[in-house]
Amino acid sequence: MTNSEARRRYAEVFHDLEVLIQDHIEMASAGTPQLSRLCQLVPSVGVFFTKLPLEKAYYIEDERRSISKRRLVAPSFNDIRLILNTAQILQLATNFHSARHQHEKLQLVTFDGDITLYDDGTNLDPDSPLLPYLLQLLEKGLYIGIVTAAGYKEPEKYYGRLAGLIDGIKTSTELTDAQRENLLVMGGEANYLYRYQNDAGMLVTVPRDQWVLDTMNGWDEDDIKSVLDYAESGLNNYIEKLSVQAIVIRKERGVGIVAKPGHKLIREQLEELVLRIDRNLRQYPPAQKINWCAFNGGSDVWVDIGDKSLGVRALQQFLRVNDGKDIKAASTLHVGDQFSSIGANDYASRTAATTAWISSPMETKNLLVDLNNYLENTANY
């Protein structure tokens, strides 16, 4: 089979998938998603908040990854993941220019922290290659939200993690005062909200009553304490049973394990720990009354109260009420590295926003380059 023939056949497959997704969207709009052909083929299929131009995205990624020119390596999971990412940002850019209603246009881009904006355990420093492209999003009037598992009650601690971005916003000659204040940080999944404030020149705390969701307000503090106590006890038990060289850390809204000094937790230990604690919490009655997430952070394991779907929704609600922006799932993009169904804390965001699954800060940078280019001129793509 020639390269051109392989390219054409792959494109036909993605075209057919694109049609299936559009049919599913139309059926869902009519209130009968279960009747779509896609739902019949994949009963567990979720919600699509926008169309996905998969054929066009395939052609773009084929030029970069030589998918159709390969003969011994079939299209891989990473190929498909990046095609889906490209299709999503292409459609968001198209809607940005052509959608009639504000809630259909991209307004909010949220990011995970570790592995997404910076390498695990490091920070977003002034020399980060992502900074110019993050600032470009702000210059376009978009909001940036950092939705991270890192839970600090003091905004100063987030400066240590995000100093490059915060200083870049503060010193930028291109941003207006209003655009500078479009940076928000949601910490501890969905527990602490901070916003950049011009007068202070730094992140400031947003009072909880200004952003907390009604669902979260209804949680009983006794249930929250019981869940954290149960998780802490379980983690201590697993450390002993599995002979793991780790210690347990308890926070106000989370509990986790980290390696002891001089030791490192291997992937298999982390996976075993997160699977055990996730399974047991699902069967624990108080944990069935609230939202929580158990996840493998790459070098540690944590159980947090809340999850990123609530974190993203809380940002959307705050911006609707405080800034008067009609922001919904179709006008939000969440970028993260953890989208596996178990032990991954970005997974929950799929119910609150469109998503892009990346595997490194460099992939995030490439995504931002494309997104900014598409937002500036979709006619060339």
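Residues numbered from 1 in each chain as written. Predicted model: local features only at pLDDT ≥ 70, side-chain atom pairs only at ≥ 80, totals over all residues. Heavy atoms only, no water.

Trainee: What exactly am I supposed to notice about the overall build of the chain here?
Mentor: Along the backbone of the chain there are 12 helices and 11 strands. When its C-alpha atoms are laid out on the principal axes, the chain stretches across 60 × 50 × 45 Å. Expressed as a percentage of its 381 residues, the buried residues of the chain come to 49%. Long-range pairs, those at least 24 residues apart, make up 65% of the contacts in the chain with a sequence separation of at least 6. Looking at the chain as shown, the accessible area adds up to about 17,600 Å², and 49% of this sits on carbon and sulfur atoms. Placing the 41 positive and 51 negative side-chain charges of the chain at their respective mean positions leaves the two points 3 Å apart. (Helix = DSSP H or I, 4+ residues; strand = E, 2+ residues; numbered from the N terminus. Buried < 20%, exposed > 50% of the residue type's maximum accessible area, 1.4 Å probe, protein only. Contact = heavy atoms within 4.5 Å. Areas by Shrake-Rupley, 256 points an atom, 1.4 Å probe, with all protein chains shown as cover. Lys, Arg positive; Asp, Glu negative; His and termini not counted. Charge placed at Lys NZ, Arg CZ, Asp CG, Glu CD.)

Trainee: For this particular structure, what's the right way to read the layout of surface pockets?
Mentor: Vacant regions in the atomic arrangement are exposed by a probe of water-molecule size rolled over the atoms. Space inside the largest pocket adds up to approximately 1,100 Å³. Surrounding the largest pocket, 30 residues form its lining, Phe48, Leu52, Leu84, Arg350 and Thr355 being those nearest its centre. Element by element, the count of residues in the lining of the largest pocket is highest for helix 4 (residues 77–98), at six residues. Lining the second largest pocket are 45 residues, with Asp114, Phe295, Gly297, Asp300 and Trp302 positioned closest to its centre. Looking at the lining of the second largest pocket, the elements with two or more residues in it are helix 6 (155–171), strand 7 (254–259), helix 10 (267–282), strand 8 (292–296) and strand 9 (300–305). For the lining of the second largest pocket, the class distribution of residues is 14 nonpolar, 15 polar and 16 charged. (1 Å grid on protein atoms, 1.4 Å probe; cavity = no way out; pocket = protein on both sides within 12 Å on 5 of 7 lines; lining within 4 Å. Points joined across faces, edges and corners; volume = space filled by probe spheres on them. Nonpolar A, V, L, I, M, F, W, Y, C, P; charged D, E, K, R; others polar.)

Trainee: Help me understand the environment of Gln22, please; the structure alone is not making it clear to me.
Mentor: Mapping Gln22 onto the fold places it in helix 1 (residues 3–29). Here Gln22 falls in the partly exposed class, since its relative accessible area comes to 22%. Considered as a pair, Gln22 and Phe48 are 26 residues apart in the sequence and their alpha carbons are 8.9 Å apart.

Trainee: I would appreciate a short explanation of the pattern of salt bridges in the present structure.
Mentor: Two side chains of opposite charge can pair, provided their charged atoms sit close to one another. Within this structure, the stated rule accounts for 25 salt bridges. For Arg70, the salt bridge identified is with Asp79, shortest N-O distance 2.4 Å. The class of Arg70 is partly exposed, set by a relative accessible area of 23%. For Asp112, the salt bridge is made with Lys308, and the minimal N-O distance between the two is 2.7 Å. Taken together, the positions of Asp112 in the loop between strand 1 (108–111) and helix 5 (131–139) and Lys308 in helix 11 (residues 308–323) put the pair 196 residues apart, joining distant regions of the chain. Note on accessibility: Asp112 and Lys308 belong to one class, buried. (Salt bridge = Lys/Arg side-chain N within 4 Å of Asp/Glu carboxyl O.)

Trainee: Would you take a moment to explain the sheet that holds strand 9 for this structure?
Mentor: Two modes of strand pairing occur in sheets, parallel and antiparallel, and in both the strands are linked by backbone hydrogen bonds. The strand order across the open sheet formed by four strands is 6-7-9-8, and the pairing between neighbours is antiparallel. Looking at strand neighbours, the two that pair on one side only are strand 6 (246–250) and strand 8, the edges of this open sheet. Across this sheet, the average inter-strand angle for adjacent strands is 15°, counted without regard to direction. Summarising the sheet, strand 8 and strand 9 pair through five bridges and their orientation is antiparallel. Across the sheet, Phe295 pairs through a bridge with Trp302, a residue of strand 9. Contacts between helix 9 (residues 221–242) and the sheet are confined to strand 6, strand 7 and strand 9, with strand 6 contributing the most and set at about 175° to the helix. Packed onto the sheet, helix 10 meets strand 7, strand 8 and strand 9 and runs at close to 165° relative to strand 8. (Pairing = 2+ DSSP bridges. Axes fitted to C-alpha atoms, helices over the stretch in contact; angles between N-to-C directions.)

Trainee: Hey, could you run me through the packing of helix 4 against helix 12 (residues 361–376) in this one?
Mentor: Between two packed helices, what matters for the description is the angle formed by their axes and the separation of those axes. Two numbers describe how helix 4 lies on helix 12: the axes approach to 9 Å, and their chain directions differ by 30°. Compared by their axis directions, helix 4 and helix 12 come out roughly parallel. By crossing handedness, the relation of helix 4 to helix 12 is classed as right-handed. Between helix 4, through Arg81, Leu82, Asn85, Thr86, Ile89, Leu90, Ala93, Phe96 and His97, and helix 12, the contact on the second element is made entirely by Glu363, Leu367, Asp370, Leu371, Tyr374, Leu375 and Glu376. Here the residues of the contact of helix 4 with helix 12 sort into nine nonpolar, three polar and four charged. (Parallel < 35°, antiparallel > 145°, perpendicular 65-115°, else oblique. Left-handed = near helix turned anticlockwise from the far one by under 90°.)

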